[in-house]
Amino acid sequence: MNSGVRDAVSQGYPDKALILFRQMKQNGLEPSKLTFPFIAKACTKLSSLKCSQMVHTHMLKSPYYSDKYVQSGLLNMYVKCDEVENFAYAVFDRMHAREIAAWNAMLMGFVQASCFDRALCLFNEMMLDGVRPDSVTVMGLAQLASGLKDVKLLTSVHCLGIRIGVEADVSVANTWIAAYSRCGDLSLSEMVFNEIDLDVLTVVSWNSMITGCGNAGEGFMAMGLYHNMLYDGFRPDLSTILNLLGSFAKPNALLLGKLVHSHGVQLGCCSDVSVLNTLVCMYSRCADIDSARSLFDSIVDRTRVSWTVMIGSYAEKGDLEDAMALFHAMEAAGEQPDLVTVIYLISACGQVGALDYGRWIDSYAISRGLKSDIRVSNALLDMYSKCGSA
């Protein structure tokens, strides 16, 4: 049955793995030390804190609790369940022998939870303990620096990577490219990109660079990179198309956006709802609201994002009637509007001075428990001010 648990997790059936684990316990069978890490992995795939705590309790009663692989699995489980500051760190703090994998998991957890100060403290503690950083450590620190938008810290991390010999790792280079662009230094992103050996260059490398150009407002540069990517024989993926479309979501870039749309159709990407949502946004930002609506109408399985993007398109244009009609259609379709949807409508009311509609949306926000959000409250204050009502 131990092997059954491992097979279930490996084949992508975390629910089945947990059922088998429960049956093992009910039948008086003890999991092996190799089974617990797989059970922990099943919990991470389900993102279930309740299951994670249940498995943790069984681990505590097991003779294998002090095993480093069991503890590492437990640590990763809590990190992936977004329980970094409390549960994950408590496990980490009690570990007797911390290997680099445990340090990296904790570092990445703090970075992903935006606990940047704690991540830096953890790295300093790691250095004091004499643990040698590796490529994963460097990637975690690069993400930390990009989260802080601290290019000086990022260059220090870059130097660390060169010093320990991981600069040739393409995953590290891709992380540096993305991090430098997020810090607003596209020239350093380009420098790292150009230093990657052609034999190890990947689609992810191109995507990181294209995304950086898009974030910097360099749409033409992004298109040039895309052309070079195709010329060098790389096949774009879904992320490539999404990143390019994001680069051209502005009035003077409609032609380029249409070219990418056409190529996305040829690649078979445009059946994906995330691409369709991005296309709706791109066309509306390019002031082609009719094309945006036509695409929206073609989406079979609309998500909340699909509805919100189209409602936002009408709202930004000041077309309150169509925005409200779509809002009611969204509810009729069984899709629950969220605070972003409501903020778009409030903004449209302020633009056109529609006080009665604004009051109705205010009541709606109260009934849905959305008005307690500071963003909704501020949007309402702004709307009432523009409508001339205190």
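Residues numbered from 1 in each chain as written. Predicted model: local features only at pLDDT ≥ 70, side-chain atom pairs only at ≥ 80, totals over all residues. Heavy atoms only, no water.

1. Description of the overall build of the chain
Step number 1: Within the chain one finds 23 helices and zero strands.
Step number 2: The buried share of the chain, reckoned over its 390 residues, is 47%.
Step number 3: For the chain, the share of sequence-separated contacts (at least 6 apart) that also reach a separation of at least 24 residues comes to 60%.
Step number 4: Of the roughly 19100 Å² of accessible surface on the chain, a fraction of 53% belongs to carbon and sulfur atoms. (Helix = DSSP H or I, 4+ residues; strand = E, 2+ residues; numbered from the N terminus. Buried < 20%, exposed > 50% of the residue type's maximum accessible area, 1.4 Å probe, protein only. Contact = heavy atoms within 4.5 Å. Areas by Shrake-Rupley, 256 points an atom, 1.4 Å probe, with all protein chains shown as cover.)

2. Observations regarding the nonpolar core
Step number 1: Ranked by internal contacts, the top residues of the largest apolar core, which has 128 residues, are Leu75, Trp176 and Leu279.
Step number 2: Setting aside chain neighbours within four positions, we find leucine 75 in contact with Ala88, Val91, Phe92, Met95, Ala102, Ala105 and Met106. (Core = buried A, V, L, I, M, F, W, Y, C linked by side-chain atoms within 4.5 Å.)

3. What about the side chain of serine 135?
Step number 1: Inspection of the secondary structure puts serine 135 in helix H9 (residues 135-148).
Step number 2: Since its relative accessible area comes to 18%, serine 135 is described here as buried.
Step number 3: In this view, serine 135 contacts Val166, Asp169 and Val172; residues no more than four positions away in its chain are not counted.

4. Some words on the pattern of salt bridges
Step number 1: Tallied over the full model, the rule gives nine salt bridges.
Step number 2: Of the charged contacts in the structure, one is a salt bridge between lysine 371 and aspartate 362, with a shortest N-O distance of 3.0 Å.
Step number 3: Judged by relative accessible area, which is 8%, aspartate 362 ranks as buried.
Step number 4: Taking the shortest distance from any N to any O, the salt bridge between arginine 375 and aspartate 373 comes out at 2.9 Å.
Step number 5: Here the residues in one salt-bridge network are Asp93, Arg98 and Glu125, joined through shared partners. (Salt bridge = Lys/Arg side-chain N within 4 Å of Asp/Glu carboxyl O.)

Bear in mind that shape data such as this cannot, by itself, settle questions of function.
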